[in-house]
Amino acid sequence: MSKRTHVKIDNNVEVRYTNWFSMMVQLIAPKNFFGIMGRGGGKTSDIVAKRSMMINEDMPGAYFAFLSDTYVNALDNIVPSLIEGWKRGGYKEGIDFVVDEAPPSHFRLPYKAPEAYKHTLSTRFGNFYKLVSMDVPTSAAGNSYQHQFIDEARNIDFAKAKKLMPALRGYTEFGHSVFYRGTTATTDIPNIAEGDFDWILDREKDMDVQQIKDILKVSIVLNDIKCEMYNAIRDKDGNKVRKIQRNLERWLIRWTKARKDSTLFYMVSSFANVDILTPGYFKDSLENLGIEEFKSAICTFKPTIKKGEKFYSTLGEHHFYDDGIIPGFYDSYKIGDTVEATSLALKYIQHNKAIDVGLDFGNMCSMICGQEFGNYVYLLKEFYTLPPDHVKELALQFVDFFKYHKHKEINLWYDRSGNQNAAVKKDYASEIAEVLETAGWVVHLKNKNQATIFQEEEFNHMKHMFAGDNRDLPQIKIDKFQCKCYKSSIQLTKINTSKNRQTGSTRILKDKSSEKLPPKQLPMHSTNFSDAGKYFFFRPEWVKKTRKNRNVTLSAPSIIQ
């Protein structure tokens with residue numbers, strides 16, 4: 001987020017200070033802008049807010065699409081950040097824009113009347129912003145748009161987002177604008193290893209570097225002329241104002257022509273905002289994130305993981321689905337409302353059937369929930385706790401989310417260490433079962449006496465589970481939004497190998513070094529969630545079927561901790 005210092009020069013002019021990158025984007029003002037920025041760069045509240053304000057005035061009456069990954073994220077975080085930026089830029093709610101309601105009489109109207117105002121923004125210039133969520137694909141239907149905004153592009157599947165591109169059209173009255181049919185997309189650096197979409201990186205090839213340099217040169221001249229105009233107006237020099245006005249008009253034409261069909265692609269670290277964030281921010285970030293996460297999140301270095309290093313070697317994009325929310329479910333919420341997230345929103349849940357749960361105990365407790373449906377198993381929702389919260393708080397999260405579920409029965413597969421401390425009255429499995437049962441759920445502890453699951457055994461089992469080549473095994477489908485930490489965990493988990501000194505054979509192990517990360521980094525960047533999934537899938541009836549497919553004899557790998 002970029003903080004501004006306001007300096008009042010006179011009654012007509014107010015100077016606002018911002019960072020160099022934000023200033024550059026405003027000066028160039030390209031048709032398409034693709035920005036990859038480190039955390040704290042003010043992507044939405046500064047860059048997108050300023051750019052959208054410029055586009056509002058340049059295309060009065062136009063329709064805009066604002067894309068995000070989920071409706072919940074858009075309603076709770078993204079659009080409120082945009083509104084915050086608008087307010088800092090001088091917009092006043094009710095005077096310059098309204099949310100979720102028809103525009104007041106003093107607003108210019110858009111070029112066509114909207115069918116509804118739910119999840120929309122309207123400006124006094126007649127602009128109409130429609131909120132579009134990738135977890136509810138139908139939210140984009142029925143409109144044409146003259147510009148699209150994409151927040152956190154790394155979470156957006158471009159193959160689906162580009163279906164909006166034919167809808168980037170309109171009437172000839174918008175053809176004068178450089179921004180017509182353009183795209184504004186911002187994001188953190190995509191991490192392919194976590195399953196992020198990296199299409200925005202390909203947009204670099206769309207940029208004509210010489211064109212951008214030429215635009216910037218013209219922009220600087222134009223800005224100098226505007227400064228001259230301000231001084232002439234301040235000095236009340238009418239002759240000079242008229243002379244400068246003619247020159248200003250000539251350079252405005254040059255600036256507009258130079259920007260035609262332009263694309264700006266830029267990667268910038270959080271250090272672009274160092275004057276605002278202060279050095280202490282970067283010191284704290286390094287301590288909290290660790291060096292690897294710091295390099296990607298703050299410095300925007302590209303993180304990578306080689307295919308041969310992946311523990312879940314047969315995992316693919318086809319295992320994830322992004323339409324897990326019932327279309328129209330969130331229509332009852334307004335932008336900025338706190339959304340009550342419950343299982344009622346889930347498209348693939350069976351409300352009259354038990355919930356299957358995989359659970360891993362530890363410093364971080366991880367829970368993954370799903371159901372079998374025909375020849376499929378759907379992973380529907382995840383929960384986790386970090387210290388000081390533990391199993392009780394985890395159970396309460398589950399109870400709150402599934403409070404409207406009709407068949408309150410749980411099949412619980414879990415870390416067998418949850419039973420091992422029963423003698424000293426620290427039986428975590430029984431503790432969480434007690435909380436759930438108190439809330440009215442029937443809990444079946446499915447693996448009280450389960451043997452140790454070896455890491456190489458898990459590797460082979462999950463290889464066949466994800467491969468989808470055995471008709472006797474269910475096909476796995478994972479909600480990429482409701483289970484984003486589990487998704488990240490299994491995509492990041494790496495292989496370790498170890499030589500058996502006696503036999504010389506190589507053992508396959510799971511690299512669990514990520515579990516030593518700071519607590520806040522564990523949900524998205526550690527193997528903890530992968531272990532919750534391990535217990536979910538390592539059921540005796542499924543293990544028997546995957547063992548029939550194995551062509552190797554398992555050696556004695558180390559015990560999972």
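Small disclaimer: the values here were computed from a predicted structure and weren't measured.

(A) Summary view of the packing of helix α1 (residues 20–28) against helix α2 (residues 43–58). Running from N to C, α1 and α2 point in directions that differ by 20 degrees, and their axes come no closer than 10 Å. Accordingly, the angle class assigned to the pair α1 and α2 is roughly parallel. Viewed along their axes, α1 and α2 form a crossing whose handedness is right-handed. Across the interface between the two elements, Phe-21, Ser-22, Val-25 and Gln-26 of α1 pack against Asp-46, Ile-47, Lys-50 and Met-54 of α2.

(B) Looking closely at helix α3 (residues 71–88). End to end, α3 covers 24 Å across 18 residues, agreeing with the expected 26 Å (1.5 Å per residue, within 8%). Of all the bends in α3, the greatest, near 30 degrees, is centred on Ile-78, and the proline Pro-80 appears no more than four residues after it. Of all the positions in α3, only Tyr-71, Ala-74, Leu-75, Ile-78, Val-79, Leu-82, Ile-83, Gly-85 and Trp-86 are classed as buried. On its buried side, α3 packs onto α2, β4 (63–68), β5 (97–99), β6 (120–123) and β7 (128–133). One or two residues past the end of α3 sits Gly-90, with phi positive at roughly 110 degrees.

(C) Quick peek at the confidence of the model for the protein. For the protein, per-residue confidence averages 85 on the pLDDT scale, and 88% of positions sit at 70 or higher. Counting interchain partners and residues more than four positions distant, the pLDDT-below-50 stretch residues 1–9 has 37 contacts. In the predicted structure, residues 421–425 sits below a pLDDT of 50 and forms three contacts with residues beyond four places in sequence or in another chain.

(D) Fine view of the side chain of Asn-19. Note on placement: Asn-19 falls in the loop between β2 (14–16) and α1. Judged by relative accessible area, which is 8%, Asn-19 ranks as buried. There is a polar contact of 3.0 Å between the side chain of Asn-19 and the side chain of Asn-273.

(E) Here's a closer look at the pairing of β4. The buried fraction of β4 is high, at six of six residues. Neither face of β4 is exposed, since Tyr-63, Ala-65 and Leu-67 on one face and Phe-64, Phe-66 and Ser-68 on the opposite face are all buried. With six bridges connecting them, β4 and β7 associate as parallel partners. Directly across from Ala-65, in β7, lies its bridge partner Lys-130. Relative to strand β8 (residues 147–150), β4 is paired through four bridges, and the arrangement is parallel. Paired with Ala-65 across the two strands is Gln-148, which belongs to β8.

(F) Up close: the pattern of salt bridges. Across all of its chains, the model carries 22 salt bridges by this definition. Note that Glu-458 is salt-bridged to Lys-510, the shortest N-O span being 3.2 Å. Of this pair, Glu-458 sits in helix α13 (residues 455–467) while Lys-510 is found in strand β19 (residues 506–510), placing the two residues 52 residues apart along the sequence. Judged by relative accessible area, which is 1%, Glu-458 ranks as buried. For the salt bridge of Lys-512 with Glu-515, the shortest nitrogen-to-oxygen distance reads 2.9 Å. Overall, Lys-512 belongs to the buried group, its relative accessible area being 17%. One salt-bridge network, held together by shared partners, links Glu-458, Lys-510, Lys-512, Glu-515, Asp-531 and Lys-534.

(G) Quick look at the packing of helix α10 (residues 391–401) against helix α12 (residues 428–438). Viewed as axis vectors pointing N to C, α10 and α12 meet at an angle of 35 degrees, and their least axial separation amounts to 9 Å. In the crossing of α10 with α12, the sense of the turn from one axis to the other is right-handed. Residues Val-391, Lys-392, Leu-394, Ala-395, Leu-396, Phe-398 and Val-399 of α10 form the contact with α12, whose own contacting residues are Tyr-428, Glu-431, Ile-432, Val-435 and Leu-436. Here the residues of the contact of α10 with α12 sort into 10 nonpolar, no polar and two charged.

(H) Inspection of the sheet that holds strand β14 (residues 376–385) at higher detail. Here seven strands make up an open sheet; going across it, the order is β11-β17-β14-β13-β12-β15-β16 and the pairing mixed. The outermost strands of the open sheet, each flanked by one partner alone, are β11 (320–321) and β16 (442–445). By the bridge criterion, four bridges tie β14 to strand β17 (residues 475–479) in an arrangement that is parallel. Across the sheet, Tyr-376 pairs through a bridge with Gln-475, a residue of β17.

(I) Focus on the packing of aromatic side chains. Within this structure, the stated rule accounts for 38 aromatic pairs. Centroid distance Phe-34 to Trp-199: 6.4 Å. Interplanar angle 90 degrees. Geometry classified as edge-to-face. Residue Phe-34 is found in strand β3 (residues 32–37), and its partner Trp-199 is found in the loop between β9 (182–187) and α5 (209–234); the two are separated by 165 residues along the sequence. Take Phe-34 and Trp-199: they sit in the same class, and that class is buried. With a centroid separation of 5.4 Å and an interplanar angle of 70 degrees, the aromatic rings of Tyr-111 and Phe-174 are classed as edge-to-face. In this pair, Tyr-111 is assigned in the loop between β5 and β6 and Phe-174 in the loop between α4 (158–161) and β9, connecting sequence segments 63 residues apart. On the basis of relative accessible area, Tyr-111 is assigned to the buried category, the value being 17%. An aromatic cluster is built from Phe-64, Phe-66, Trp-86, Tyr-91, Phe-97, Tyr-129 and Phe-149, whose rings are joined through pairwise contacts. Stacked on the ring of Phe-179, the Lys or Arg Arg-259 has its end atom at 5.3 Å from the ring centre. Seen from the ring of Phe-320, Lys-487 lies directly overhead, with NZ or CZ sitting 5.0 Å from the centre.

The rules behind the values
- Residues numbered from 1 in each chain as written.
- Predicted model: local features only at pLDDT ≥ 70, side-chain atom pairs only at ≥ 80, totals over all residues.
- Heavy atoms only, no water.
- Axes fitted to C-alpha atoms, helices over the stretch in contact; angles between N-to-C directions.
- Helix = DSSP H or I, 4+ residues; strand = E, 2+ residues; numbered from the N terminus.
- Parallel < 35°, antiparallel > 145°, perpendicular 65-115°, else oblique.
- Left-handed = near helix turned anticlockwise from the far one by under 90°.
- Contact = heavy atoms within 4.5 Å.
- Expected span 1.5 Å × (residues − 1).
- Bend = angle between axes of the 7 residues up to and from the residue.
- Buried < 20%, exposed > 50% of the residue type's maximum accessible area, 1.4 Å probe, protein only.
- pLDDT = per-residue confidence, 0-100.
- Polar contact = N/O pair within 3.5 Å; in protein donor to acceptor, adjacent residues only side chain to side chain.
- Pairing = 2+ DSSP bridges.
- Salt bridge = Lys/Arg side-chain N within 4 Å of Asp/Glu carboxyl O.
- Nonpolar A, V, L, I, M, F, W, Y, C, P; charged D, E, K, R; others polar.
- Phe/Tyr/Trp six-rings, centres within 6.5 Å; stacked < 30°, edge-to-face > 60°.
- Lys NZ or Arg CZ within 6 Å of the ring centre and 35° of its normal.

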